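Chain by chain, the residues run as shown.
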Amino acid sequence: MAKLTFHGHATVSIETDDGTRIIVDPWFDENPLSDVKADEIGKVDYIFCTHGHTDHFADAIPLAKRTGATLVSTFEIASFAETQGVENVHPMHIGGGFDFPFGRVKMTPALHGGKVHGDETGAFTTVPGGFLFKVDGLGLYHAGDTALLGDMRFLEGQVDVALLPIGDNFTMGPDDAVRATELIHPRVVIPIHYNTWDLIAQDPEAFRKKMGDRARVEIMAPGDTIPLS
Ligand code: NI
Ligand code: MN
């Protein structure tokens, strides 16, 4: 059974049954919530980036270069990573899925901004997204940074565990995350992208109350690992 570890903000790692290690939105060194620093991360096979903002991407390129992991993101971000010396990239785009050796991943829409951290020219400003992973028989959705989208209803029936931003201000807040849950119908919701800065301060227990019996809310502290089931 795959395991998920939360590293604070929107950074998670996934370990699948076949031993593949995946990191989504690596932001360790400047992340005030992170339980680890980037150089403490050992083996990584894949790095998935929902978009290029600092708080999702800052450690992606150095981590990919050090570990040899394949960096997976939109075509524009993957291309930018190549110009920065990342050897293994896998470009994809919104609405497209691919059968990786560990399972299938589809890139989902997100309504948000897209400036890429580290690109001084601004030429790589691009569309943000999220990821729908199908690993070890389970559907895991990392929404990325997004507003509530009516299109989330198309994910219904495919998601067991949903990582949803609740911070408000830059993304959905708690009310819209509950509304997203009504569209997606996951069994478990893990709140992310909150309490990193004052601007996105939220009470996850209040979010759990708001959610009621729509889904089980799993509140994870940085460093916590749970089995995906
Ligand atoms: Ni962002
Ligand atoms: Mn963000």
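Going by the structure above, here's the rest.
Because the structure is a prediction, the values reported are computed rather than measured. (Residues numbered from 1 in each chain as written. Chains lettered and ligands numbered in written order. Predicted model: local features only at pLDDT ≥ 70, side-chain atom pairs only at ≥ 80, totals over all residues. Heavy atoms only, no water.)

Here's the deal with the packing of helix α4 (residues 174–184) against helix α5 (residues 204–211)
- One can describe the packing of α4 onto α5 by two numbers: an axis separation of 10 Å at closest approach and a directional angle of 40°. As judged from the angle between their axes, α4 and α5 are oblique. Judged by the twist between their axes, the crossing of α4 over α5 is right-handed. Together, Pro174, Asp175, Ala177, Val178 and Thr181 of α4 and Phe207, Lys210 and Met211 of α5 make up the contact between the two elements.
- Among the residues forming the contact of α4 with α5, the class breakdown is 5 nonpolar, 1 polar and 2 charged. (Axes fitted to C-alpha atoms, helices over the stretch in contact; angles between N-to-C directions. Helix = DSSP H or I, 4+ residues; strand = E, 2+ residues; numbered from the N terminus. Parallel < 35°, antiparallel > 145°, perpendicular 65-115°, else oblique. Left-handed = near helix turned anticlockwise from the far one by under 90°. Contact = heavy atoms within 4.5 Å. Nonpolar A, V, L, I, M, F, W, Y, C, P; charged D, E, K, R; others polar.)

Looking at the sheet that holds strand β13 (residues 216–217)
- Taken in spatial order, the 7 strands line up as β7-β8-β9-β10-β11-β12-β13 in an open sheet, and their pairing is mixed. What marks the edges here is a single partner per strand, and that holds for β7 (97–100) and β13.
- The pairing of strand β9 (residues 129–135) with strand β10 (residues 138–142) spans 5 bridges and is antiparallel. Paired with Lys134 across the two strands is Gly139, which belongs to β10.
- Sheet strands in contact with α4 are β10, β11 (161–165) and β12 (188–192), and its direction is about 150° off that of β11. (Pairing = 2+ DSSP bridges.)

Details of the pairing of β10
- Burial analysis of β10 places 5 of its 5 residues in the buried class, which makes it a mostly covered element.
- Side chains Leu138, Leu140 and His142 of β10 all project onto a buried face; the interleaved residues Gly139 and Tyr141 project onto the opposite face, where all are buried too.
- A loop of 2 residues connects β9 with β10, the two strands running antiparallel in sequence, and Asp136 in this loop sits at a positive phi of about 50°.
- Where β10 and β11 come together, 3 bridges link them in parallel fashion. When the bridges of β11 are listed, His142 appears paired with Leu163. (Buried < 20%, exposed > 50% of the residue type's maximum accessible area, 1.4 Å probe, protein only.)

Some words on the environment of Ile184
- For Ile184, the location among the structural elements is in helix α4.
- On the basis of relative accessible area, Ile184 is assigned to the buried category, the value being 0%.
- It is 7.1 Å that separates the C-alpha atoms of Ile184 and Val159, two residues lying 25 residues apart in sequence.
- Contact partners of Ile184, with chain neighbours within four places excluded, come to Tyr141, Met152, Leu155, Glu156, Gly157, Val159 and Leu164.

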